[in-house]
Amino acid sequence: MMAFSSETWRPPKCSFPGGFFHLNVYPSGTIDVPTLNEENSWDPTMTLPEILFTIQQRLCHPSINSPSQAGAYKFRVDNGKEAYDRRCREEADKYRGASKGAAEKAER
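Counting starts from 1 at the beginning of each chain's written sequence and moves along it residue by residue. Local features in this predicted model are restricted to residues whose pLDDT is 70 or higher, and side-chain atom pairs enter the listing and the counts only when it is 80 or higher, whereas totals over whole chains, interfaces and linings include all residues. Hydrogens and water are ignored here; the side-chain numbers use all heavy atoms of the structure.

Chemist: Explain the overall build of the chain to me, using residue names and the numbers behind them.
Modeler: Helix and strand counts for the chain come out as two helices and two strands. Only protein chains enter the area calculation, which uses a 1.4 Å probe; residues under 20% of their type maximum are buried, those over 50% are exposed, and those in between are partly exposed. Buried residues in the chain amount to 27% of all 108 residues. Any pair of residues with heavy atoms lying within 4.5 Å of one another is described as a contacting pair. Long-range pairs, those at least 24 residues apart, make up 56% of the contacts in the chain with a sequence separation of at least 6. If you sum the accessible surface of the chain, you get close to 7200 Å²; carbon and sulfur atoms cover 55% of it. A run of H or I in DSSP counts as a helix once it spans at least four residues, and a run of E counts as a strand once it spans at least two, with each numbered from the N terminus. Note that accessible areas follow from Shrake-Rupley with a 1.4 Å probe, and for residues the cover is restricted to the protein chains shown.

Pasting the structure below:
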């Protein structure tokens, strides 16, 4: 989900369903992307494609040095990158199927 503020200088709020398994997604579902953090390096001139690209890069190349979920961090450390990446793909597939089903219902 992405929600934009009416105050255009503020970054959008970006989140996934609560409990989404990823090193850089908080248990609440909020994604930890420094460039979307108002106090850090948010640039109000960022375009939507740039915002989406930044999120995509964070998901594909997580920062193990700043984990947002203890469980995902422990899984990555204990099981390695390949197992972690496989688990993230499974998580994404789970939600992809749910959103696809919701889209099909909306079309009916």
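Chemist: Just give me the short version of the packing of aromatic side chains, but keep the residues and values in it.
Modeler: Two numbers describe a pair of aromatic rings. These are the distance of the centres and the angle of the planes. By convention, a stacked pair of Phe, Tyr or Trp rings (six-membered ring in the case of Trp) has centres within 6.5 Å and planes under 30 degrees apart, an edge-to-face pair has planes over 60 apart, and any other such pair is tilted. On inspection of all chains with the given rule, the structure shows four aromatic pairs. When the centroid spacing of 5.4 Å and the interplanar angle of 45° are considered together, the rings of phenylalanine 20 and tyrosine 95 count as tilted. Of this pair, phenylalanine 20 sits in the loop between strand 2 (13-14) and helix 1 (48-60) while tyrosine 95 sits in helix 2 (residues 70-107); the two residues are 75 residues apart in sequence, bridging distant segments of the chain. For tyrosine 95, a relative accessible area of 25% corresponds to the partly exposed category.

Chemist: Please set out the layout of surface pockets residue by residue, giving values where relevant.
Modeler: Of the two site types, the cavity is a set of points on a 1 Å grid over the protein atoms alone where a 1.4 Å probe fits but cannot get out, and the pocket is an open set with protein on both sides within 12 Å along at least five of seven lines, each lined by residues with an atom within 4 Å of a point. Grid points are joined across faces, edges and corners, and a volume is the space filled by probe spheres set on the points. A volume near 420 Å³ is recorded for the largest pocket. Along the walls of the largest pocket sit 15 residues, with Phe20, Leu59, Cys88, Arg89 and Ala92 positioned nearest its centre. At the level of elements, helix 1 and helix 2 are the ones that each hand at least two residues to the lining of the largest pocket. Broken down by element, the lining of the largest pocket gets its largest block of residues, eight residues, from helix 2. In this structure, the second largest pocket spans a volume of roughly 290 Å³. Taken together, 16 residues line the second largest pocket, and the ones lying closest to its centre are Lys13, Thr30, Ile31, Leu36 and Asn37. Charged means Asp, Glu, Lys or Arg here, nonpolar means Ala, Val, Leu, Ile, Met, Phe, Trp, Tyr, Cys or Pro, and polar covers whatever is left, Gly included. Taken together, the residues that form the lining of the second largest pocket break down as eight nonpolar, four polar and four charged.

Chemist: Could you give an account of the environment of alanine 92, naming the residues involved and the relevant values?
Modeler: Inspection of the secondary structure puts alanine 92 in helix 2. Considering only alpha carbons, one finds alanine 92 and phenylalanine 20, 72 residues apart in sequence, at a separation of 8.4 Å.

Chemist: Explain the side chain of threonine 54 to me, and be specific about the residues and the numbers.
Modeler: Examined against the element boundaries, threonine 54 turns out to sit in helix 1. A residue is classified by how much of its surface remains accessible, and threonine 54, at 18% relative accessible area, is buried. Among the polar contacts listed, one links the side chain of threonine 54 to the backbone oxygen of glutamate 50, at a separation of 2.8 Å. Those residues in contact with threonine 54 that sit more than four places away from it in its chain are Val33, Thr35 and Met46. Pairing of N or O atoms within 3.5 Å defines a polar contact, subject to two protein rules: one partner must be a possible hydrogen donor and the other a possible acceptor, and residues neighboring in sequence count only if both atoms are side-chain atoms.

Chemist: An account of helix 1 is requested, with residue identities and associated values reported.
Modeler: Each turn of an α-helix holds 3.6 residues, which means side chains three or four residues apart point in the same direction. What a helix should span is 1.5 Å times the count of its residues minus one. The terminal C-alpha atoms of helix 1 lie 18 Å apart, and with 13 residues this matches the ideal 18 Å at 1.5 Å per residue to within 8%. Turning to helix 1, its buried residues are Ile51, Thr54, Ile55 and Arg58. Considered in projection along helix 1, the buried side chains sweep an arc of 95° and stay on one side of the axis. Contacts from the buried residues of helix 1 go to strand 1 (2-3) and strand 2. Within this analysis, the arc is defined by the directions that extend from the helix axis to the C-beta atoms.

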